[in-house]
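Here are the chains, one letter per residue:
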Amino acid sequence: MSTLTTPAPDTTAAPLRIGPHTVAPPVVLAPMAGITNAPFRTLCREFSGGKGLFVSEMITTRALVERNEKTMQLIHFDATETPRSIQLYGVDPVTVGKAVRMIAEEDLADHIDLNFGCPVPKVTRKGGGSALPYKRNLLRAIVREAVSGAGGLPVTMKMRKGLDDDHLTYLDAGRIAVEEGVSAVALHGRTTAQHYGGTADWDAIARLKEHVPEIPVLGNGDIWSAEDALRMIRETGCDGVVVGRGCLGRPWLFADLVAAFEGRTDAFVRPTLREVADVMVRHATLLGEWIGDEARGVVDFRKHVAWYLKGFAVGSEMRKRLAITSSLEALRAGLDELDLDQPWPAGADGPRGRTSGNNRVVLPDGWLKDPYDCAGVGEDAELDTSGG
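The numbering scheme is per chain: residues are counted from 1 as the chain's sequence reads. Per-residue local features of the predicted model are confined to residues with pLDDT of at least 70, and side-chain atom pairs are confined, for both listing and counting, to 80 or more; whole-chain, interface and lining totals are unaffected and use all residues. By convention in this description, side-chain values take in all heavy atoms of the structure and omit both hydrogens and water.

## A few points about the pattern of salt bridges
Part 1: When a carboxyl oxygen of Asp or Glu lies within 4 Å of a side-chain nitrogen of Lys or Arg, that pair is called a salt bridge. On inspection of all chains with the given rule, the structure shows 32 salt bridges.
Part 2: One salt bridge connects aspartate 239 with lysine 209, and the closest N-O pair in it is separated by 2.7 Å. Taken together, the residues aspartate 239 in the loop between α9 (226–236) and β11 (240–243) and lysine 209 in helix α8 (residues 202–211) connect sequence positions 30 residues apart.
Part 3: A salt bridge links arginine 231 to aspartate 228; its shortest N-O distance comes to 3.5 Å. Residue arginine 231 and its partner aspartate 228 are both found in helix α9; the two are separated by 3 residues, about one turn of the helix. Under the DSSP-based scheme used, a helix requires at least four consecutive residues in state H or I and a strand at least two consecutive residues in state E, with every element numbered from the N terminus.

## Focus on the nonpolar core
Part 1: We call a set of buried residues a nonpolar core when its members are Ala, Val, Leu, Ile, Met, Phe, Trp, Tyr or Cys and they connect through side-chain atoms within 4.5 Å of each other. Each residue's exposure class comes from its accessible area (1.4 Å probe, protein chains only) as a fraction of the maximum for that residue type: buried when under 20%, exposed when over 50%, partly exposed otherwise. Ranked by internal contacts, the top residues of the largest apolar core, which has 111 residues, are Leu88, Ile103, Leu114, Phe116, Met157 and Phe254.
Part 2: Top contributing element to this core by residue count: helix α11 (residues 273–291), with 10 residues.

## Structural notes on the environment of valine 182
Part 1: Note that valine 182 resides in the loop between α7 (170–179) and β9 (184–188).
Part 2: Each C-alpha atom of the pair valine 182 and proline 343 lies 45 Å from the other, and the pair is 161 residues apart in sequence.
Part 3: Each residue touching valine 182, except ones within four places of it in the same chain, is listed here: Val143, Val147, Val155, Thr156, Met157, Ala177 and Ile215. The criterion used for residue contact is that any of the two residues' heavy atoms lie within 4.5 Å.

## As for the environment of glutamate 214
Part 1: As for its placement among the helices and strands, glutamate 214 is situated in the loop between α8 and β10 (217–220).
Part 2: Accessibility expressed as a relative area gives 48% for glutamate 214, which makes it partly exposed.
Part 3: Taking the C-alpha atoms as reference points, glutamate 214 and proline 345, 131 residues apart in sequence, are found 43 Å from one another.
Part 4: Beyond its immediate chain neighbours, meaning those up to four positions away, glutamate 214 contacts Arg175 and Val178.

## Remarks on helix α6 (residues 136–149)
Part 1: The span you would expect from a helix comes to 1.5 Å times its residue count less one. With 14 residues, α6 should cover 20 Å at 1.5 Å per step; its first-to-last C-alpha distance of 20 Å lies within 8% of that length.
Part 2: Restricting attention to buried positions, one finds in α6 the residues Arg136, Leu138, Leu139, Ile142, Val143, Ala146 and Gly149.
Part 3: Residues of α6 that are buried in the fold lie against α4 (93–105), β7 (111–116), β8 (155–160) and α7.
Part 4: Among the residues trailing α6, glycine 151 stands out with phi positive, at a value near 65 degrees.

## Focus on the side chain of serine 183
Part 1: Its location among the elements puts serine 183 in the loop between α7 and β9.
Part 2: Judged by relative accessible area, which is 19%, serine 183 ranks as buried.
Part 3: For serine 183, the residues in contact, after removing those within four places along its chain, are Ile18, Gly19, Pro154, Val155, Thr156, Ile215 and Pro216.

## So, helix α15 (residues 328–336)
Part 1: Regarding α15, the residues found buried are Leu328, Leu331, Gly334 and Leu335. The buried residues of α15 occupy an angular sector of 135 degrees when projected down its axis, which confines them to one face.
Part 2: On its buried face, α15 sits against α11, α12 (294–301) and α14 (316–322). Note: the arc covers the axis-to-C-beta directions of the helix.

## Observations concerning the packing of aromatic side chains
Part 1: Centre distance within 6.5 Å is the pairing criterion for rings of Phe, Tyr and Trp, where only the six-membered ring of Trp is used; planes under 30 degrees apart are then read as stacked, over 60 as edge-to-face, and the remainder as tilted. Summed over the entire model, instances satisfying the criterion amount to 6 aromatic pairs.
Part 2: Pairing tryptophan 252 with tyrosine 308 gives two aromatic rings, centres 6.3 Å apart and planes at 45 degrees, and the pair type is tilted. Residue tryptophan 252 is located in the loop between β11 and α10 (253–261), and its partner tyrosine 308 is located in helix α13 (residues 305–309); the two are separated by 56 residues in the primary sequence.
Part 3: With a relative accessible area of 1%, tryptophan 252 lands in the buried category.
Part 4: With a relative accessible area of 1%, tyrosine 308 lands in the buried category.
Part 5: An aromatic cluster of three or more residues is present, and its members are Phe47, Trp252, Phe301, Tyr308, Phe312 and Trp344.
Part 6: Of note, lysine 135 hangs over the ring of tryptophan 367, and the distance from its end group to the ring centre comes to 5.0 Å.
Part 7: The criterion is that NZ of a Lys, or CZ of an Arg, lies within 6 Å of the ring centre and within 35 degrees of the ring normal, and then a charge sits over that ring. A cation sits over an aromatic face here: arginine 160 above tyrosine 196, 5.0 Å from the ring centre.

Structure below.
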């Protein structure tokens, strides 16, 4: 792929330590439902040269304990993936503990991340995801069970600032993480109410780093380029970055991130449309191989089409056609009709993915009455499927 020479970046970040694992450069792929499955992780890891940490999409503890067929597929890791990283979602300490012990005893992963950051209503209405840290005692109980059951596996957690600006939880949650033996915390600089709208509050990441100097703090939110990652570390003092929407349709962003942190100024990827098309076909092919059915793989790939083609001169009719293909042959044929010599478009490195904000936060009845009491939250509140 073509590259673009850039000014020498500031590469002051040290390698990230998560338990026994060294992550260098300190870059983590954010878990994203329906996105960060094994095929997408493979692409990102290939572009990074195997450097960084690539986390699975959200795995529901109840579904894992019950050995749900879809969930067992989602925890599949390629033989080259190391360390193997699973993100767990749960609201019941007992179920979370069972899931973590299962992972440790059956050697299903090398690192466990706890999801306390998901803002979607079907999760928060059950008290999970970004709703859960408001209940401090419940948060502590879940984290304690996870760390206790993990044996030698490091446990980390990802969270948001809080429910909204009137109900911030991240400083208390960070202190609980330290006290219960969590190896690192990641903060998305938005509230649940913001979802993915507005601008991420990097100042909150800096405040969390000052509040919990005992463990690594990772920053998340509005990292659209390698320069953004370096700037976040420089401005907040965080120990690493978690990259989510910025890599949608752009797995080569991890090549840029590695180059930036290693000070290589001539290695930023700026692919032509032809090169992008080749990655699209490979992505769809990997999905088909992973699912075990080419057509289903191409159908699953459809949601990625618009992200890959962002900024390129592709007519609306062709975009629609590519987004309804159901075979690799049709996908390749459609792409071959485009002007594949188009260079990487200006502005395509900017924001992508969901941007909605100012949402009503959906919570269980009476959730806000007491930030400590967790009565009424139990195993029946667990989701029974994984992947968000």
